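Below, each chain spelled out in residue letters.
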Amino acid sequence: MSDNKKPEKIVGIRGMNDILPADAPLWELFENTVQSVLKSYGFQQIRTPIVEPTALFSRGLGEVTDIVEKEMYSFVDSMNGDMLTLRPESTAGVVRSVLEHNLTYDGPKRLWYAGPMFRHERPQRGRYRQFHQVGAEAVGFSGPDIDAELILLCQRLWDDLGLTGIRLELNSIGNADERNRHRADLVAWFEQHRELLDADATRRLHTNPLRILDTKNPLMQEMVNAAPRLVDYLDAESLAHFEGVQRILRHNNIVFTINPRLVRGMDYYNRTVFEWVTDQLGSQGTVCGGGRYDPLVEMFGGKPTPACGFAIGVERVLELMKVEGEQPVASQCDVYVVHQGDTAQLQSSVVAERLRDAGLDVVLHCASAGAGASFKAQMKRADASGAAYAVILGDDEVNAGTVTVKSLRGAVGAGQQASVPFSAVAEYLVDQIVGEHEHDHDHGSHVHYKP
Ligand code: ATP
Ligand code: MG
């Protein structure tokens, strides 16, 4: 064995993905769109820690849910022995924070969050161990109006993203009393059909029988379809709430189907539950799940406080965007600045700063390992950057107090060249780029207008 053996490469954790620069524009487009939609409904951002006490989730989500049973990344803090968990979702953390800071002291709050979540699942398309959610939590609202508002907000987001293949499924899972009565009858029904239950269902029979309704086992479908339906157990108040949500949705031309088998994974949900589903992503077709969770605040030791929210699976929405949605700009900058010679290089940094002052995105050619800095090599870089224009400085330009502006693509046509006085180049390029932008109404410009 040789002494100078190359060290082994360390690779990332399975199911936890790098988001590479090539995908960054898509993420940005999604993030910008969702933020502006949330803002347009008056939602305010909240940021909670990625690590929380394990008890927050075991208590908040329920001991027998999929997440708590088998998906949590939990560990002991070796410094002090605390049991900690990487958040598998954010509702519990947001509610903890709302209580801790008494955020609803002056009335209900519309909150949103975004960030990574962690679940130890089998990685596959649309299912990762680190994934991202954007979610909204409306805390302190009791009526069907906010449930409907959250759904309208999602619909606006899909519209703004150019996504048409997402449909809404809606259900009411009633309150605890209604569910208990239903549950008793349901368990009795499953017991009558014990011979049809698979191992999973048998295990869940007395812990989480509602989840049996979620089974994908074809041998159980018929029996499950004929099982007692929760909607038949709803009281007048729950039915009125459910009807209230539907009335607002219909009034706003939101298309939905009622799926009586729709339940949510967590224990804290009640009444309204909904999912946005697509057929274009294979079996991981749910892009957003939400619903009402009136009992949660009390479960965490707070005053009874009704609430409703949703969480969007960002990776799944991005995959849909790649198929049918808005496509982002791929270019890195508006202008790429190339230079030859010492004086030109000095001057080029000043030009680049002036262009940035004017609101343009500018990449200044910098020395790199191995690669030549020849004019040709630099122009190749300029082209690869996706810039609409190259600004060129050499001895001739320095002596004349000008720069050469070369069009690389776009309406003007590639290869068009102009000599522009040094002092006028910023104004010239802003005019060119904004003009072009107005001309083709493309998403092609990076120009941010300065006040
Ligand atoms: P599923 O039935 O697909 O496991 P879930 O009910 O566990 O979903 P929620 O806890 O409701 O999911 O999370 C909301 C959304 O987050 C899901 O609809 C999905 O889009 C996304 N999501 C959940 N788990 C993952 C994961 N492991 N990887 C990627 N996205 C996920
Ligand atoms: Mg899950």
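Nothing here was measured: the structure is a model prediction, and the numbers come from that model. (Residues numbered from 1 in each chain as written. Chains lettered and ligands numbered in written order. Predicted model: local features only at pLDDT ≥ 70, side-chain atom pairs only at ≥ 80, totals over all residues. Heavy atoms only, no water.)

Visitor: I tried to follow the side chain of Glu137 on my own but got confused; where do I start?
Guide: Structurally, Glu137 can be placed in strand S6 (residues 130-139). The exposure class assigned to Glu137 is buried, which follows from its relative accessible area of 1%. Here Thr91 takes part through its side chain, which lies 2.7 Å from a polar atom of the side chain of Glu137. Discounting residues that sit within four places of it in the chain, Glu137 has contacts with Phe43, Thr91, Val94, Lys109, Arg110, Leu111, Tyr113, Tyr293, Cys308, Gly309 and Phe310. (Helix = DSSP H or I, 4+ residues; strand = E, 2+ residues; numbered from the N terminus. Buried < 20%, exposed > 50% of the residue type's maximum accessible area, 1.4 Å probe, protein only. Polar contact = N/O pair within 3.5 Å; in protein donor to acceptor, adjacent residues only side chain to side chain. Contact = heavy atoms within 4.5 Å.)

Visitor: So what exactly am I meant to see when it comes to the site of ligand 1 here?
Guide: As a structural note, the neighbourhood of ligand 1 is formed by 15 residues, with Arg119, Glu121, Arg127, Arg264 and Thr286 the closest of them. Within the contact set of ligand 1, an oxygen atom lies 2.8 Å away from a side-chain nitrogen or oxygen of Arg127. Within the side chain of Arg316, one N or O atom sits 3.4 Å away from an oxygen atom of ligand 1. Compared with its free state, where it exposes 590 Å², ligand 1 has 86% of that area covered by protein. (Near = heavy atom within 4 Å. Areas by Shrake-Rupley, 256 points an atom, 1.4 Å probe, with all protein chains shown as cover.)

Visitor: Can you help me understand the pattern of salt bridges in this one?
Guide: Once the charged atoms of two side chains with opposite charge are near each other, the side chains can pair. By the definition in use, this model includes 22 salt bridges. Note that Arg167 and Glu169 form a salt bridge whose closest N and O atoms lie 3.8 Å from each other. Among the residues examined, Glu169 registers a relative accessible area of 13% and is labelled buried. Across the salt bridge formed by Arg204 and Asp200, the nearest N and O atoms sit 3.9 Å from each other. Residue Arg204 and its partner Asp200 are both found in helix H7 (residues 199-204); the two are separated by 4 residues, about one turn of the helix. Arg204 gets classed as buried once you look at its relative accessible area, which sits at 13%. Since its relative accessible area comes to 38%, Asp200 is described here as partly exposed. Each of the salt bridges in this network shares a partner with another, and the network as a whole consists of Asp66, Glu69, Lys70, Asp200, Arg203, Arg204 and Arg211. (Salt bridge = Lys/Arg side-chain N within 4 Å of Asp/Glu carboxyl O.)

Visitor: It is not clear to me how the pairing of strand S9 (residues 270-278) should be interpreted in this structure. Could you clarify?
Guide: A regular strand places its side chains on the two faces of the sheet in alternate fashion. Of all 9 residues in S9, 9 are buried, a share of seventy percent or more. Where strand S7 (residues 166-172) and S9 come together, 7 bridges link them in antiparallel fashion. Within S9, the position partnered with Leu168 by the bridge is Trp276. Taken together, the 6 bridges between S9 and strand S10 (residues 286-292) define a ladder with antiparallel strand orientation. Paired with Val273 across the bridge in S10 is Gly291. (Pairing = 2+ DSSP bridges.)

Visitor: What is the right way to read the confidence of the model for the protein chain from this model?
Guide: Detailed reading of the predicted coordinates is not advisable wherever pLDDT is low. Summarising the model, the protein chain shows a mean pLDDT of 91, and 94% of its residues fall at 70 or more. Overall, residues 441-445 carries pLDDT values under 50, and its contacts beyond four positions in sequence, including any with other chains, amount to 8 contacts. (pLDDT = per-residue confidence, 0-100.)

Visitor: For this particular structure, what's the right way to read the packing of helix H2 (residues 54-61) against helix H4 (residues 91-100)?
Guide: Two numbers describe a pair of packed helices, the interaxial angle and the distance between the axes. Direction vectors running N to C along H2 and H4 enclose 105 degrees, while the axes themselves pass 10 Å from each other. Between H2 and H4, the angle falls in the class roughly perpendicular. Along the contact surface, H2 presents Leu56, Phe57 and Leu61, while H4 presents Ala92, Gly93 and Arg96. (Axes fitted to C-alpha atoms, helices over the stretch in contact; angles between N-to-C directions. Parallel < 35°, antiparallel > 145°, perpendicular 65-115°, else oblique.)

Visitor: Just to check I follow, could you spell out the sheet that holds strand S13 (residues 362-364) for this structure?
Guide: Taken in spatial order, the 5 strands line up as S13-S12-S14-S15-S16 in an open sheet, and their pairing is mixed. On the outer flanks of this sheet lie S13 and strand S16 (417-421), each paired with one strand and no other. The average angle at which neighbouring strand axes cross in this sheet is 25 degrees, direction not considered. Against the sheet, helix H14 (residues 375-384) makes contact with strand S12 (335-339), strand S14 (389-393) and strand S15 (402-407), and its axis sits at roughly 175 degrees relative to S12, the strand it touches most.

Visitor: What is the right way to read the sheet that holds strand S4 (residues 83-86) from this model?
Guide: The pairing of strands in a sheet happens through backbone hydrogen bonds and is either parallel or antiparallel. With respect to topology, 3 strands assemble into an open sheet ordered S2-S4-S3, the strand pairing being antiparallel. The two strands at the open ends of the sheet, each matched to only one other strand, are strand S2 (51-53) and strand S3 (73-76). The sheet shows a mean angle of 35 degrees between the axes of neighbouring strands, taken without regard to direction. Helix-sheet contacts for H2 involve S2, S3 and S4, and the interaxial angle to S2 is about 70 degrees.

Visitor: What am I meant to see in the pairing of S4 here?
Guide: Relative to S4, S2 runs antiparallel, the two sharing 3 bridges. Bridge pairing in S4 places Val51 opposite Leu86. Bridge count between S3 and S4: 4 bridges; the pairing is antiparallel. Bridge assignment links Phe75 to a residue of S4, and that residue is Leu84.

Visitor: What am I meant to see in the packing of helix H5 (residues 144-160) against helix H10 (residues 236-251) here?
Guide: The geometry of H5 relative to H10 is characterised by a closest axis approach of 8 Å and an angle of 40 degrees between their N-to-C directions. Taken together, the axis directions place H5 and H10 in an arrangement best described as oblique. With respect to the hand of their crossing, H5 and H10 are arranged in right-handed fashion. The residues of H10 that touch H5, namely those facing Pro144, Asp145, Asp147, Ala148 and Ile151, are His241, Gly244, Val245, Ile248 and Leu249. (Left-handed = near helix turned anticlockwise from the far one by under 90°.)

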